[in-house]
Every structure is written in C-alpha cells, then in structure tokens.
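Coordinate inspection notes
Residue-level listing of the chains:
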Amino acid sequence: MMQTLTDTKQNPTIFRADQVGSLLRSDLIKKARAQRVDGEISSDQLRQVEDQEISRIVSKQKEIGLQAVTDGEFRRAWWHFDFLEDLVGVEGFWTGNGIQFHQQQTKSRAIKVTDKLDFGAHPMLQDFKFLHQTAGDHVAKFTIPSPSMLHFRGEVDRAVYPDDEEFFNDLAETYKKALQAFYDAGCRYLQLDDTAWAYLCSEEQKAQLRAKGTDPDYLVKMYLQTLNKALADRPADLNVTMHICRGNFRSTWISSGGYEPVAEQLFGHLNIDGFFLEYDNDRAGGFEPLRFVNRPDLNIVLGLVTSKFGELESKETIKRRIEEATQYVGLNQLSLSPQCGFASTEEGNILTEEQQWAKLRHVVDIAGDVWK
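Structural notes, computed from the coordinates.

Structural notes on the nonpolar core
By size, the foremost hydrophobic cluster in this structure holds 104 residues, and its most contacted members are Leu150, Phe182, Trp197, Phe275, Leu290 and Leu302. Element by element, the count of residues in this core is highest for helix H6 (residues 164–184), at 9 residues. Look past the residues within four positions of Leu150 in its chain and what remains in contact with it is Leu84, Leu87, Val90, Ile111, Val113, Leu117, Phe167 and Leu171. With 8 residues, the next largest nonpolar core counts Phe15, Val20, Val139 and Val301 among its residues.

Focus: the pattern of salt bridges
As enumerated under the stated definition, the model contains 23 salt bridges in all. Note that Asp273 is salt-bridged to Arg234, the shortest N-O span being 3.3 Å. Of the two residues, Asp273 sits in the loop between helix H10 (260–269) and strand S11 (274–278) while Arg234 sits in the loop between helix H9 (216–231) and strand S10 (239–244), which places them 39 residues apart along the sequence. Two residues, Arg295 and Asp297, come together in a salt bridge whose shortest N-O distance is 2.9 Å. Among the charged side chains, a salt-bridge network with shared partners connects Arg33, Arg47, Glu50, Asp51, Arg75, Asp127 and Glu346.

A few points about the packing of helix H11 (residues 315–325) against helix H12 (residues 353–370)
Orientation of H11 relative to H12, taken along the N-to-C sense of each, is 55 degrees, at an axis distance of 11 Å. Judged by the inter-axis angle, H11 sits oblique to H12. When you trace H11 past H12, the crossing you get is right-handed. The segment H11 lies against H12, with Lys315, Ile318, Lys319 and Ile322 engaging His362, Asp365, Ile366, Asp369 and Val370.

Here is what the cut-offs are and how they apply
- Residues numbered from 1 in each chain as written.
- Predicted model: local features only at pLDDT ≥ 70, side-chain atom pairs only at ≥ 80, totals over all residues.
- Heavy atoms only, no water.
- Core = buried A, V, L, I, M, F, W, Y, C linked by side-chain atoms within 4.5 Å.
- Buried < 20%, exposed > 50% of the residue type's maximum accessible area, 1.4 Å probe, protein only.
- Helix = DSSP H or I, 4+ residues; strand = E, 2+ residues; numbered from the N terminus.
- Contact = heavy atoms within 4.5 Å.
- Salt bridge = Lys/Arg side-chain N within 4 Å of Asp/Glu carboxyl O.
- Axes fitted to C-alpha atoms, helices over the stretch in contact; angles between N-to-C directions.
- Parallel < 35°, antiparallel > 145°, perpendicular 65-115°, else oblique.
- Left-handed = near helix turned anticlockwise from the far one by under 90°.

If you want it as structure tokens, here you go:
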C-alpha cells in the first residue's frame, strides 16, 4: 500500500525518495512555447501541449517509483517570477540585466511591487488542479517560491509601502491565503523554494548586501518572522517543506557556504515540516549544522545527488554520506533527493532527459537500500 502524507504526519518523514520538482522541458514544450510567442498557436493550444506533456512526465515519475509527482514546472519560464508576477500588487518587467551566475547570466526579467499585496484568483491554482487530477493515487506535489523571494528579488514601491513592517505583514497574509487556496484545491504537499537563505550563508553575498546598505541579520529576522506568520494556523494535514538552493541555471551556481550562519534560526525556529538541503558538493559545507535540528517531527531531505550533471554518483558514497548525517539527525528523520530541480528555468541544466530519469531512479534505488 502506498504511503500517504496523512499516514506520515505523526512520523515526520514524508517520502524516503523525493525530488525537488522542476524537470527538463521537453522538445514539444519548447517548440509550443516558441510558437506561442510568435503567435502561431493560441494560449489554449499551448495548454493542450502542456497537458499532454505533463501527463507523460507524471506517468514516468510513477514508473520510476516516486510517490510524490510534480508537473515539472512545465507551464513556467522561471521557478519564481511566474508565480510572483501573478500575486495582486506585483508586476513583471524586462530590465537591462539578468541574474549573474557563475559564468552564466539569465534573461533580464525582474519584478516590482506596485500596489498593496494580496492573493487573488491565481492561475497556478488551475495548474495544480490538473496535476492533482493527473496524479491519481500518487501525491501531487506543488512548488512555489518562498515569500522571502518577493522581497529579495523584487523592487518595492516605497510610495505603496513606506515602511517594511506593513510590507512584511501583507506579504505574510498573502502567503497565508495562498496556502489555504492550494489546500482548498486539494494540495497536501507544498514546497517553498528559497535562494535567499543560501545567500545568507555566503560571506561574499553578505558583503555585497552590506555594500548596498542591507543588513543580512535584519533579513534573517524578517524572513523568519514572515515565514512563521504565513505558516501559522495552516491545516494540520498540509505538509509544507522548504528547498534551499545556491543557484541552479544551466548547471551553474551563485553562492557558496555551509548552513552554519542560519542553521539555528532555520532548523530550530521555523515552523515547517521539512527542508530540502543541497549537499552535492563542498560548496554546501558539512552536516554539522544539522545539530540544530531539535524537533523529532522535522524531516531533512539530503540533496546528495546532483541535478547539474548526468553522471551517476557511487551508491556506496551516497550511503556513506547518509550515515555521516546520522551523527546529527536520526535516520528516521532523513530522506534522499537530488540537490535541486533539473530546470529552475525553462533553459534547463546540461544533461539529457534520459540522464534526468536515471538520476531520479538512482535516488529511488538508493533510498530503497537504506530505508528497508
């Protein structure tokens, strides 16, 4: 019998083998999106192609053995901007510069807060409903950016929000409504994606923030406070996790640094059900920050399998690293996943779809060996 989220609420482990969410866009998706931009097909025709391809990849995820399936973010260009732009009071726009990664730069998209924030008839609610229907007897997992990302990546019109307190209060209330709306649509597994916390682990990135007049300690305080307000009073059977990412664009990255600077705040004081943590290379540091995990109901998903490249890691190496992590967190609170999604933006990482499925199957196989 397949394990369900309701079954595991008392046991904090959601799934031993899991995934972050985004998948490489198929050739059909890429072609249809280009045709839509050129006006060759309608938005309804594009959605038909998306529906077809999402159904295909959901079936593939089931075949591999994953219990929680995603839509691969196939309807999005970005992991964060598409969602944030459709919040009430937020607008997207094209700017002169993209986000700078290691030897790569994204397209020049940006967002700004131009009016009071709220959560309205968000189009991704319909996206989730399709995934939920397609998932069948599997759990439909949906991913959205963390509220921190609107502040971290967005411009705020100070004529609308003269002070931060009102802005963060409205941001928390907006996300509280979002969580309830997805729950009402049938969602029981929601993931908040957040790169801000990884930046706050990086001395280089914190120095850049200070140079712009921003105190990193202030951001830690406000982001934690906003998240906890948003998460307060959520339905008991809505599992909410957070994925912390150091950057994932065309197999490149932005920040480096272990979790130590934020570990006590995140692992000890954030009212969330689990964390997806990047641990695929030395830039993520060691497992020592996990000593701040002081709740028996907090699930830690170790991202030990890279999604940036296609070569499969040694099973024994991954198993040994899981064992190392048990020095700080019991095995019953651990799970395994890739370190990130495979396509945080529609361009995708530098590996093939076949290699992507092999990576996810690798995660399922290793988890089956470790948690027998």
